[in-house]
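Here are the chains, one letter per residue:
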Amino acid sequence: MRKITLVIFLFFGFSLQLQAQYGYKRFFPSIGVTGQYMTAPKYTGYDFNLTFIARYNFVEINFENTVSVEVRPQIGMGTRDWYIYGAYSETFPTRMSYSMPVLFNYNWGLNAEEDSVFLTGVSFGGGYNFSNVLSDEPPYEIIQGPCFNLDFRVDADPVSHVSLFYTHGLDGARLFSVGFYYDF
């Protein structure tokens, strides 16, 4: 977790340096909440996470179209209902959960760039996600695999960004999530 935090801070510092050097905004932070539902061969589960989005525009096509890379670290509470584990069913208590998706997105309209004239915007893309609950006892199940997102932005307070998210795990697990974020 320390390595992830260090990478986020370095990413933030590097993007601020680029903003100062090139004279326009490239780093767009957001913060919000995410609810997740997962289903796998051995369990189903729910997570509710606080999410920080660090988006960096590395290609500016024009003021309304950009290509970005995003890191969305999430931490919160999650539960898993193990319906096939050994010879019995068991529901494990609520535990700390986390997710770490990394995405490449195409952004259009509002908040694609700070000088956008539109009052709405959309972004979509894909990447890789790693999600789990913290546990010191078995079973240990991690959902990791390719992920896809679709985001809608509106000029509103306090929610200005709604995200739909899907991860298809390498072991057949699926993770569906919806998030509500405030863009700075």
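See above for the structure.
Residues numbered from 1 in each chain as written. Predicted model: local features only at pLDDT ≥ 70, side-chain atom pairs only at ≥ 80, totals over all residues. Heavy atoms only, no water.

### Some thoughts on the overall build of the protein
The secondary structure content of the protein amounts to one helix and eleven strands. Scanning the protein from its N terminus toward the C terminus, one meets helices and strands in the order α-β-β-β-β-β-β-β-β-β-β-β. Counting over 184 residues, the protein shows a buried share of 46%. Partitioning the contacts of the protein with sequence separation of at least 6, the portion at a separation of at least 24 is 58%. With the model as given, the accessible surface of the protein reaches about 9600 Å², and the carbon-plus-sulfur share is 69%. (Helix = DSSP H or I, 4+ residues; strand = E, 2+ residues; numbered from the N terminus. Buried < 20%, exposed > 50% of the residue type's maximum accessible area, 1.4 Å probe, protein only. Contact = heavy atoms within 4.5 Å. Areas by Shrake-Rupley, 256 points an atom, 1.4 Å probe, with all protein chains shown as cover.)

### What about the environment of P73?
In this fold, P73 is placed in the loop between β3 (65-71) and β4 (74-85). Residues P73 and T51, spaced 22 residues apart in sequence, show a C-alpha to C-alpha distance of 5.9 Å.

### Observations concerning the pattern of salt bridges
Per the counting criterion, the structure on display carries three salt bridges. The closest approach of N and O atoms between R72 and D151, which form a salt bridge, is 2.6 Å. Placement of R72 in the loop between β3 and β4 and of D151 in strand β9 (residues 143-154) is noted, with a sequence separation of 79 residues between them. The residues R72 and D151 share a single accessibility class, namely buried. We note a salt bridge from R153 to D183, for which the minimum N-O separation is 3.8 Å. With R153 in strand β9 and D183 in strand β11 (residues 174-183), this pair connects stretches of sequence that are 30 residues apart. Through salt bridges with shared partners, one network takes in E70, R72 and D151. (Salt bridge = Lys/Arg side-chain N within 4 Å of Asp/Glu carboxyl O.)

### What to know about the pairing of strand β1 (residues 27-39)
Relative to strand β2 (residues 43-62), β1 runs antiparallel, the two being bridged by 13 bridges. When the sheet's bridge partners are listed, F28 is paired in β2 with R55. Hairpin connection from β1 to β2: three residues lie between these consecutive antiparallel strands. Of the pairings in the sheet, the one linking β1 to β11 comprises ten bridges and is antiparallel in character. Within β11, the residue paired with M38 across the bridge is L175. (Pairing = 2+ DSSP bridges.)

### Topic: the environment of A156
On the secondary structure map, A156 appears in the loop between β9 and β10 (161-168). Considered as a pair, A156 and D183 are 27 residues apart in the sequence and their alpha carbons are 9.8 Å apart.

### Points about the pairing of β2
As paired elements, β2 and β3 share seven bridges and run antiparallel to each other. Looking at β3, one finds that Y56 is bridged to V69. The turn joining β2 and β3, which pair antiparallel and follow one another in sequence, is formed by two residues.

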